[in-house]
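Summary of structural features
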Amino acid sequence: MANIAMRAGAPQEAPRRAFIHSDRFQRTAFIAPTCIFLALLTIWPFIYSVYLSLHAVKLTAMKRAVFVGANNYINLLSDPLFLRAMVNTGMLAVTSITCEIVIAFVIAKAFVSLSHLKWLNGLRSLFMLPMMVTPLIVGMIFSYVFNPVLGIANYLLGGVGLGPVPWFGDTTAAMISILLINIWQWTPFMMLLIMAGLLSIRSDLYEAARVDGAKWHHVLTLLEIPSIKGIVLLGVILRIIDTLRFFDVVYVTTRGGPGDSTMVLTLYAYQQNFQFFQAGVGSAAAVIILVISMVITTFAVRLLRRIEND
Amino acid sequence: MTSAKFRPRDVGPMVLVLAFVFVSIAPLLWMALAAFKPTADIIAIPPVWIPDFTYLQNFQDVLTQFWPFIVNSLIATVGATILALVLAVPTAFALVNHRFRGREALADWILSTRMMPPIAAAVPLFVIFRGAGLLDSLPGLIIAYAGFNLPFAVWMTMSFVRRVPKELIEAARLEGCTWWQVLTGVVLPLSKSGLAAVATFVFIFAWNEFMLALFLTTREAKTFPVVISSFIGTGRVYWEYIAAASVIQCLPPVLFTFFMQKHIVSGVTMGAVKD
């Protein structure tokens, strides 16, 4: 730049053009807007959230913030509702992801073994639908299907002499219902990943295993699991991140109830911030959620890099 | 004809797969059927299985009363898709084709922002938007949606830009093209279908978004999902609206799933799995 200013005489055009055409300038022009945008959307909110989390502050009167140190965090960690939200979110992640992997693996195997039937491939888009439709609508659909009075689920169960199941009406049942919805929605996702992994196994390896007289559990533990491990791990990480931001379905089906039985972290932070306007406590909760996802993210990024470089 | 024959040992897997497909789509279908029923039939037990498909009153009611919010959703979603791609494509291009220090770290940082839960940015976002007069406005929603989808768009675009043969780019550079000309003249035409997939994904993610719209909009700029969420509440539940609105709301993602199915695996894994 100094260079250009010094030559502010006649041949000014040439160096400026050289600068504009320089690699460094073009690269910066390509990358900088995205980085600035993302920094404003991530780094700045993070700093601001940390600041708010150390203050007693109402969303409706932000100017009257009073410094309270770690009080919000202390209150949060002694709030049974927040602890419940932590436990529920953790439980939801562990249980639903485990069930998803097991079911997805079985179905993926069945699907792969039928891969010589070309028409079956058309079914792929059908079972992908649950993970593609609007999550809010998923909540609406299950409010309808699991409705105690007019729901078809209890009607069908009644037809085979079961039920009625309270679904969202009772503390244990509500959590299980939320879990079932999650599994319904996300098993297809896991299944697509596992299928991609299974299809990448060369068929001569199966052939070799067969010739060597390998049992099915040898094939499973020595060939299949190692081949799909990386991609399933990626799926698990993405699903944990999803569970941390899980909101839409509980918002329409249970609002965290009955009692605190289906309260999850994002819903808790949302209610603190935007229903009770407790921006201090809500921000502290948000910071905790963020820290958890940052820890998981470091793993995720390394993993994605490794898969990308393979 | 082909070797694609049904063998006896396929029965077991076939039953499993068909059961899985049925369970996956039955709840969706049940809601879709309800959209064609009058209220009394929607809540009837025993259920009315097959509705009269010429009954379109629910759709008519939803469309005439709530069409401005569908338009809001469309504007916010299309705007965000355009903004995200305009920013993401040059960035992805530079991250793939330029060699400079910190390149991988920068790409990793962009990826890591994808993992950030939106709730963590909620209050700061709300406060800036309030200060800038962007609350309850479509430009505000466009900025928020574009921002939250930017990491995904960059990362997935990178996976497509990487497939453009390096020789073509080098040849263009030797002929004296600027990087901008390389991008618009060589890379864009060659990764058109990939970029279409990225755009469609951003569109669907923004279209499906609910929580941000819930606190960033109040009246004017409410998106369709926010309106739908108000059909269920403490008082009467408007099942006939919910059903018809669900069908309208799910139409874009469902069509997308059918037309772009080969890109979906790559999309949901941010390009880590190639399609």
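The name given to chain B in an unreviewed UniProt entry is ABC-type glycerol-3-phosphate transport system permease component, and the organism recorded there is Mycoplana azooxidifex. In its Subcellular location (unreviewed entry) section, the UniProt entry covering chain B states "Cell membrane". Comment text from UniProt for chain B, heading Sequence similarities (unreviewed entry), reads "Belongs to the binding-protein-dependent transport system permease family."

The name an unreviewed UniProt entry assigns to chain A is Multiple sugar transport system permease protein, from the organism Mycoplana azooxidifex. Per UniProt, chain A has the following entry under Sequence similarities (unreviewed entry): "Belongs to the binding-protein-dependent transport system permease family."

1. Let's talk about the pattern of salt bridges
Residue and element names in this part refer to chain A. Under the definition given, this model contains eight salt bridges over all chains. A salt bridge links glutamate 207 to arginine 210; the nearest nitrogen and oxygen atoms lie 2.7 Å apart. Of this pair, glutamate 207 and arginine 210 both sit in helix α10 (residues 203-211), separated by three residues, roughly a single helical turn. Residue classification places glutamate 207 among the partly exposed positions, given a relative accessible area of 38%. Assessed through its relative accessible area of 57%, arginine 210 is described here as exposed.

2. Let's talk about the UniProt feature "transmembrane region" (unreviewed entry) in chain B
Residue and element names in this part refer to chain B. When the UniProt feature table is mapped onto this chain, "transmembrane region" (unreviewed entry) is found at residues 12-33, 69-96, 117-135, 141-161, 182-207 and 238-260. Helix makes up 100% of residues 69-96 and strand 0%, whereas the separation of the span's terminal C-alpha atoms amounts to 39 Å. Note that residues 238-260 is 91% helix and 0% strand, and that its end C-alpha atoms are spaced 33 Å apart.

3. Some details on a nonpolar patch on the surface
Taken together, the side chains of A:Tyr155, A:Leu156, B:Ile45, B:Trp49, B:Ile50 and B:Phe53 present a nonpolar region at the surface, about 600 Å² in accessible area. Tracing the sequence through the fold places B:Trp49 in the loop between α2 (39-42) and α3 (57-97).

4. Digging into the packing of helix α7 (residues 135-145) of chain A against helix α12 (residues 239-259) of chain B
The interhelical angle for the contact between α7(A) and α12(B), taken along N-to-C directions, is 145°, at an axis separation of 10 Å. Judged by the twist between their axes, the crossing of α7(A) over α12(B) is left-handed. Residues A:Ile137, A:Met140, A:Ser143 and A:Tyr144 of α7(A) form the contact with α12(B), whose own contacting residues are B:Trp239, B:Ile242, B:Ser246, B:Gln249 and B:Cys250. Taken together, the residues of the contact of α7(A) with α12(B) sort by class into six nonpolar, three polar and no charged.

5. Some remarks on the domain arrangement of chain A
Note: interface size is frequently given as the accessible area lost on complex formation between the parts. All names here are of chain A. For chain A, the assigned domains are domain 1 (2-53) and domain 2 (73-309). Relative placement of domain 1 and domain 2: their C-alpha centres are 41 Å apart. Facing the five residues of domain 1 at the interface are seven residues of domain 2. Between domain 1 and domain 2, the buried area comes to about 500 Å², and carbon and sulfur atoms account for 75% of it. It is Phe46, Leu52 and Ser53 in domain 1 that bury the most area against domain 2; as a group they hold 81% of the surface buried on that side. Inspection of the domain 1/domain 2 interface yields zero salt bridges. Along the contact surface separating domain 1 from domain 2 lie one residue pair in polar contact (both at pLDDT 80 or more). Residue composition of the side of domain 1 that touches domain 2, by class: three nonpolar, two polar and no charged.

About the criteria used
- Position numbers for residues start from 1 in each chain and track the written sequence from start to end.
- Chains carry letters and ligands carry numbers; both start at the beginning, A for chains and 1 for ligands, and go up in the order they are written.
- Given that this is a predicted model, residues contribute local features only at a pLDDT of at least 70 and side-chain atom pairs are listed and counted only at 80 or more, while totals for whole chains, interfaces and linings are drawn from all residues.
- Values shown for side chains rest on all heavy atoms present in the structure; no hydrogens or waters enter the calculation.
- UniProt positions are given in the numbering used here, feature names are shortened, and annotations may be inferred rather than shown by experiment.
- A pairing counts as a salt bridge when a side-chain nitrogen of Lys or Arg comes within 4 Å of a carboxyl oxygen of Asp or Glu.
- Only DSSP runs of H or I with at least four residues qualify as helices, and only runs of E with at least two residues qualify as strands; both kinds are numbered from the N terminus onward.
- When a residue's accessible area, from a 1.4 Å probe over protein chains only, is under 20% of the maximum for its type it is buried; when over 50% it is exposed; and in between it is partly exposed.
- Each patch is built from residues that are more than 30% exposed by relative accessible area and take part in no salt bridge. Like charges join if they lie within 9 Å; nonpolar side chains (Val, Leu, Ile, Met, Phe, Trp, Tyr) join within 5 Å.
- Computed by Shrake-Rupley with a 1.4 Å probe, the accessible areas treat only the displayed protein chains as cover when residues are assessed.
- Axis definition: a line fitted to C-alpha atoms, limited for helices to the stretch in contact. Angles are taken between N-to-C directions and run from 0 to 180 degrees.
- Handedness of a crossing follows from how the near helix is turned relative to the far one, being left-handed for an anticlockwise turn of less than a right angle and right-handed for a clockwise one.
- Only heavy atoms enter the contact rule, under which two residues are in contact if any of them lie within 4.5 Å.
- Under the scheme applied, nonpolar residues are Ala, Val, Leu, Ile, Met, Phe, Trp, Tyr, Cys and Pro; charged residues are Asp, Glu, Lys and Arg; polar residues are all the others, including Gly.
- An automatic or database domain assignment is the source of the domain bounds shown.
- Take the accessible area each of two parts loses on contact, using a 1.4 Å probe, and add the two losses: that sum is the buried area.
- Within 3.5 Å is the distance limit for a polar contact, defined as a pair of N or O atoms, with the added protein rule that one can donate a hydrogen and the other accept it, and that residues adjacent in sequence qualify only through two side-chain atoms.

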